[in-house]
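Understanding the architecture of this molecule
Each chain, letter by letter, is given below.
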Amino acid sequence: MKLGIIGLPNCGKTTVFNALTSQNAPVTTFPNPLGTEHHVGIVRVPDARLGRLTEMYKPRKTTPADVTCFDITGFSRGISGSRQKSAAFNDAWDADALIHVVRAFADPAVVHPDGVHPAADAAALELELVFSDLELVETRLDRIAASIKKGVGENLEAEKAALEKCRSQLEEEKPLRKLSLAGEEVAAINSLQFVSVKPELIVLNVGEDETASSATEAALAALEDYYRGKDARVFSIPGKIEAELAQLEPGEAKLFLQDLGIAEPAMNLVIREAYALLGLVSFLTAGEDEVKAWPIRKGTPALGAAGKIHSDIERGFIRAEVVSYDDLIAAGSMAKAREAGGVRLEGKDYVVQDGDVINFRFNV
Ligand SMILES: Nc1nc2c(ncn2[C@@H]2O[C@H](COP(=O)(O)OP(=O)(O)O)[C@@H](O)[C@H]2O)c(=O)[nH]1
Ligand SMILES: [Mg+2]
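Keep in mind that what you see is a predicted model, and the values were worked out from it rather than measured. (Residues numbered from 1 in each chain as written. Chains lettered and ligands numbered in written order. Predicted model: local features only at pLDDT ≥ 70, side-chain atom pairs only at ≥ 80, totals over all residues. Heavy atoms only, no water.)

A tally of regular secondary structure across the chain gives 14 helices and 12 strands. Dimensions of the chain, computed from the C-alpha atoms along their principal axes, are close to 70 × 60 × 35 Å. Per-residue burial for the chain yields a buried fraction of 45% across its 364 residues. The long-range share in the chain, meaning contacts at least 24 apart out of those at least 6 apart in sequence, stands at 69%. Put simply, the chain has 40 plus and 54 minus side-chain charges, and the middle of one group is 5 Å from the middle of the other. (Helix = DSSP H or I, 4+ residues; strand = E, 2+ residues; numbered from the N terminus. Buried < 20%, exposed > 50% of the residue type's maximum accessible area, 1.4 Å probe, protein only. Contact = heavy atoms within 4.5 Å. Lys, Arg positive; Asp, Glu negative; His and termini not counted. Charge placed at Lys NZ, Arg CZ, Asp CG, Glu CD.)

Another aspect to go through is helix H2 (residues 48–57). All buried positions along H2 are accounted for by Arg 49, Leu 50, Leu 53 and Tyr 57. The buried residues of H2 all sit within an arc of 95° when viewed along its axis, so they share a single face. Opposite the buried face of H2, at more than 90 degrees from it, the exposed residues are Ala 48 and Glu 55. One side-chain oxygen at the N-terminal end of H2 lies 3.0 Å from the backbone nitrogen of Arg 49; it belongs to Asp 47. Once H2 finishes, Lys 58 follows within two positions and takes phi at roughly 45°, a positive value. (Arc of directions from axis to C-beta. Polar contact = N/O pair within 3.5 Å; in protein donor to acceptor, adjacent residues only side chain to side chain.)

In this section: the site of ligand 1. Lining the immediate surroundings of ligand 1 are 18 residues, of which Asn 10, Lys 13, Thr 14, Thr 15 and Asn 205 lie closest. Contact between ligand 1 and Lys 13: an oxygen atom at 2.8 Å from a main-chain N or O atom of the residue. Within the contact set of ligand 1, an oxygen atom lies 2.6 Å away from a side-chain nitrogen or oxygen of Thr 15. Elements with a minimum of two residues in the shell around ligand 1: helix H1 (13–21) and helix H8 (239–247). Of the residues forming the shell around ligand 1, the biggest block, three residues, is contributed by H1. Among the residues making up the shell around ligand 1, the classes are represented as six nonpolar, eight polar and four charged. (Near = heavy atom within 4 Å. Nonpolar A, V, L, I, M, F, W, Y, C, P; charged D, E, K, R; others polar.)

Here's what the structure looks like:
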């Protein structure tokens, strides 16, 4: 599952990418006109449960769940009407969910053509996504009309009906994300590379001295107003500080946060929300060797979860021994949880829940 970062030039996409991935990809004060950078990184999902299990098991290794993230360059005002649009739109289409960075920081050293107007900037980029999708719809509808005219369009009616629904939605400047289509309608248009359909999370990138200012409050309110009913949540983070924080050793980062009186980086919340936005939950495995969180799609059965660990475990699956994280912590140890009857034996169809601590029994 992949997160793509989008936003207008110089809004802080690469900065947010660095904060998410602890990388140190180069940031620029001038947008790269060629838009050729394409940073890819791994986002580790912060999970306090891993800390508690690590205290309990003292494993050699602790491994958080992770997802891939990439930094998409090339979006700008008017891009949907230009020929160079393909790379950025393809990248956005390739993502399973989008993080849309919106600039709020004022820094005059960082070029911003028409001044900093977060809600207007966000709306401008959303419109590019909508226009690009509308163009896809219209091109496809033209082809379908031509086929029907030639008498070879009899099996295109379902697709045509679905596309017409999409067209009215997009003509109202609304993203396809909010349009509810029936299963067969979705299937009929699945091959079109729509981008406004992607789940989206908005990150307002605020200046380091602006985290609680009235300007930030106003920008957040304006963004929330714009996104009301569009099914996208809005967060604010001081991107530059978060990127610097992500560069520190864990010990140093902890001290830094203590000095600021903050429990955890603002980015952690964004990451957890993005993880949920991708439709992912974590099951946990715990032993002396390793404590680990495994990302699975919500609704995955035990057999599928077993396959995440190893195809042998899936193939030789016998039972899953499952205890919820809360029951394990309440009991104090696996042995005590077992005594208390908190450990269940589940079959291959059991739907794995977020925070299930699982030991698979298998035979190969
Ligand atoms: N002062 C300040 N500068 C920032 C912040 N976020 C990004 N920048 C600067 O803005 C410029 C553009 O950021 P970058 O991440 O490269 O933007 P991108 O074009 O969207 O990838 C760089 O010089 C960053 O250091 C921020 O929160 N505060
Ligand atoms: Mg960049």
